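# Structural description and commentary
The chain contents come next:
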Amino acid sequence: MEFKAGQIAQLIEGKIEGDENAVVNSFAKIEEGKPGAISFLSNPKYTHFIYDTESSVVLIDEKVELEKPVKATLIRVKNAYESVAKLLQLYASMMPKKTGIDPLAFVSPSAKIGKDTYIAPFVYVGDNVVIGDNCQINPNVTIYHDCRIGNNVIIHAGSVIGADGFGFAPTPDGYDKIPQLGIVTIEDNVEIGANTCIDRSTMGSTYVRKGVKLDNLVQIAHNTDIGENTVMSAQVGVAGSTKVGQWCMFGGQVGIAGHITIGNKVMLGAQSGVPSSLKDNQTLIGTPPMEKLPYFKSQALFQRLPELYKQIQALQKEVASLKEQLNQN
């Protein structure tokens, strides 16, 4: 598929600087640009690449000021990142879409599969599972019995939906398994990354609400409730019976303790550890989480601990010496 710069500008409401007839047929990063490709510039760190890129067209924020002329045709927009996302979505929508159940997948006869849904090779769909319309279940996904999947859901390769929650009762002889009799409910417009696990509840359901986006290698434990439009980066772990609010954003390797409540619009930096409940509308980092400025000040002090410890020891010796002199006098 080929598009002219003028056509693209109309689609994204941009203004052209250069040849409106420049033709593109592929996407490329600005530093790897090639003739016939369209690139974008949104991060100032990459500005220097625009002067030498071989891409035919570059999307750029309308407020960016360039120091010298460029070879590429520019399309200035309010937000280059959002505009390229729109173009990628449009391009993806034009590509042929797979539907149906691959012969190499196993789908229980009692499962219900919606229309225009694709189930890839080596997927396992258990008894009484319900999968909605327009879903994409990629290779090696396992969906255990009775789980519920909404519409427009994408589950990437290797993910497991509905494995037993991690429930064991300690006894003098070891640990007795607590039967996990609940299900997992995944609502509409959810995307689940590769090798992510969402455990079934002990009773009732584990919930992943509509619009949630989970990265690869995320662990959602039993009886949790992940609020609408929350996003989690790779290796986030949420312990059991925790409720996460709407529109939260968790960086990589964030760990959430069990039986707590995270408010709406809580932003947690990478590797934060959360031992207790958090209120709405906070941006936090660290373990336990704190606001950014106190956190970075604390980290700066932490790096000086060996030096500060030596100073304290020296002061203690000096105080002890002064006390001794006073006692002698």
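In case you missed it, the structure is sitting above this.
Computed from a predicted model, the values in this text were never measured in an experiment.

## Observations concerning the sheet that holds strand S4 (residues 26-27)
Spatially, S2-S7-S6-S5-S4 is the arrangement adopted by the 5 strands of the open sheet, whose pairing is mixed. One side of each edge strand has no neighbouring strand; the edge strands of this open sheet are strand S2 (15-17) and S4. Bridging between strand S5 (residues 37-41) and strand S6 (residues 57-61) involves 4 bridges; their strand directions are parallel. Pairing of Leu41 across the sheet is with Ile60, part of S6. Across the face of the sheet, helix H1 (residues 5-12) comes into contact with S2, S5, S6 and strand S7 (73-77) while running at roughly 5 degrees to S7. In this fold helix H2 (residues 80-94) packs onto S4, S5, S6 and S7, with an angle of close to 135 degrees to the strand it touches most, S6.

## As for the nonpolar core
Residues Ile143, Ile161, Ile186, Phe250 and Ile262 are the most contacted members of the largest nonpolar core, which totals 44 residues. Going through the elements one at a time, strand S11 (118-119), strand S21 (183-186) and strand S34 (266-268) are the ones with two or more residues in this core. Within the second largest apolar cluster, 14 residues are counted, among which are Ile8, Ile12, Ile75 and Val77.

## Comments concerning the sheet that holds strand S37 (residues 290-291)
Judged by pairing direction, the sheet is mixed, and its 11 strands sit side by side in the order S8-S11-S14-S17-S22-S25-S28-S31-S34-S36-S37 without closing on themselves. Two strands lie at the open edges of the sheet, namely strand S8 (100-101) and S37, each paired on one side alone.

## Concerning the packing of H1 against H2
At a minimum axis distance of 10 Å, the contact between H1 and H2 shows a crossing angle of 110 degrees. What the angle tells us is that H1 and H2 run roughly perpendicular. Two secondary-structure elements touch here, H1 through Ile8, Leu11 and Ile12 and H2 through Ser83, Lys86, Leu87 and Leu90. Per-class residue counts for the contact of H1 with H2 are 5 nonpolar, 1 polar and 1 charged.

## Some thoughts on the packing of aromatic side chains
Scanning the entire structure with this criterion turns up 6 aromatic pairs. With 5.5 Å between their ring centres and 15 degrees between their planes, Phe106 and Tyr124 make a pair best called stacked. With a gap of 18 residues between them, Phe106 in strand S9 (residues 106-107) and Tyr124 in strand S12 (residues 124-125) connect regions that are remote in the sequence. Residue classification places Tyr124 among the partly exposed positions, given a relative accessible area of 38%. Lying over the aromatic face of Tyr207, Arg209 brings its terminal NZ or CZ to 4.0 Å of the ring centre.

## Observations regarding a nonpolar patch on the surface
A surface patch of nonpolar side chains, amounting to about 290 Å² of accessible area, comprises Met1, Met94 and Met95. If you trace the backbone, Met94 turns up in helix H2.

## Regarding H2
Taking 1.5 Å of rise per residue, the 15 residues of H2 would be expected to cover 21 Å, and the 21 Å separating its terminal C-alpha atoms lies within 8% of that figure. Within the sequence span of H2, burial applies to Ala80, Ser83, Val84 and Leu87. The buried residues of H2 occupy one face: seen down the axis, they fall within an arc of 95 degrees. Opposite the buried face of H2, by more than 90 degrees, sit the exposed residues Tyr81, Glu82, Gln89 and Ser93. The N-cap of H2, judged by a side-chain oxygen 3.1 Å from the amide nitrogen of Tyr81 a few residues on, is Asn79.

Cut-offs and rules
- Residues numbered from 1 in each chain as written.
- Predicted model: local features only at pLDDT ≥ 70, side-chain atom pairs only at ≥ 80, totals over all residues.
- Heavy atoms only, no water.
- Pairing = 2+ DSSP bridges.
- Helix = DSSP H or I, 4+ residues; strand = E, 2+ residues; numbered from the N terminus.
- Contact = heavy atoms within 4.5 Å.
- Axes fitted to C-alpha atoms, helices over the stretch in contact; angles between N-to-C directions.
- Core = buried A, V, L, I, M, F, W, Y, C linked by side-chain atoms within 4.5 Å.
- Buried < 20%, exposed > 50% of the residue type's maximum accessible area, 1.4 Å probe, protein only.
- Parallel < 35°, antiparallel > 145°, perpendicular 65-115°, else oblique.
- Nonpolar A, V, L, I, M, F, W, Y, C, P; charged D, E, K, R; others polar.
- Phe/Tyr/Trp six-rings, centres within 6.5 Å; stacked < 30°, edge-to-face > 60°.
- Lys NZ or Arg CZ within 6 Å of the ring centre and 35° of its normal.
- Patch = residues over 30% accessible without salt bridge, like charges linked within 9 Å, V, L, I, M, F, W, Y side chains within 5 Å.
- Areas by Shrake-Rupley, 256 points an atom, 1.4 Å probe, with all protein chains shown as cover.
- Salt bridge = Lys/Arg side-chain N within 4 Å of Asp/Glu carboxyl O.
- Expected span 1.5 Å × (residues − 1).
- Arc of directions from axis to C-beta.
- Polar contact = N/O pair within 3.5 Å; in protein donor to acceptor, adjacent residues only side chain to side chain.

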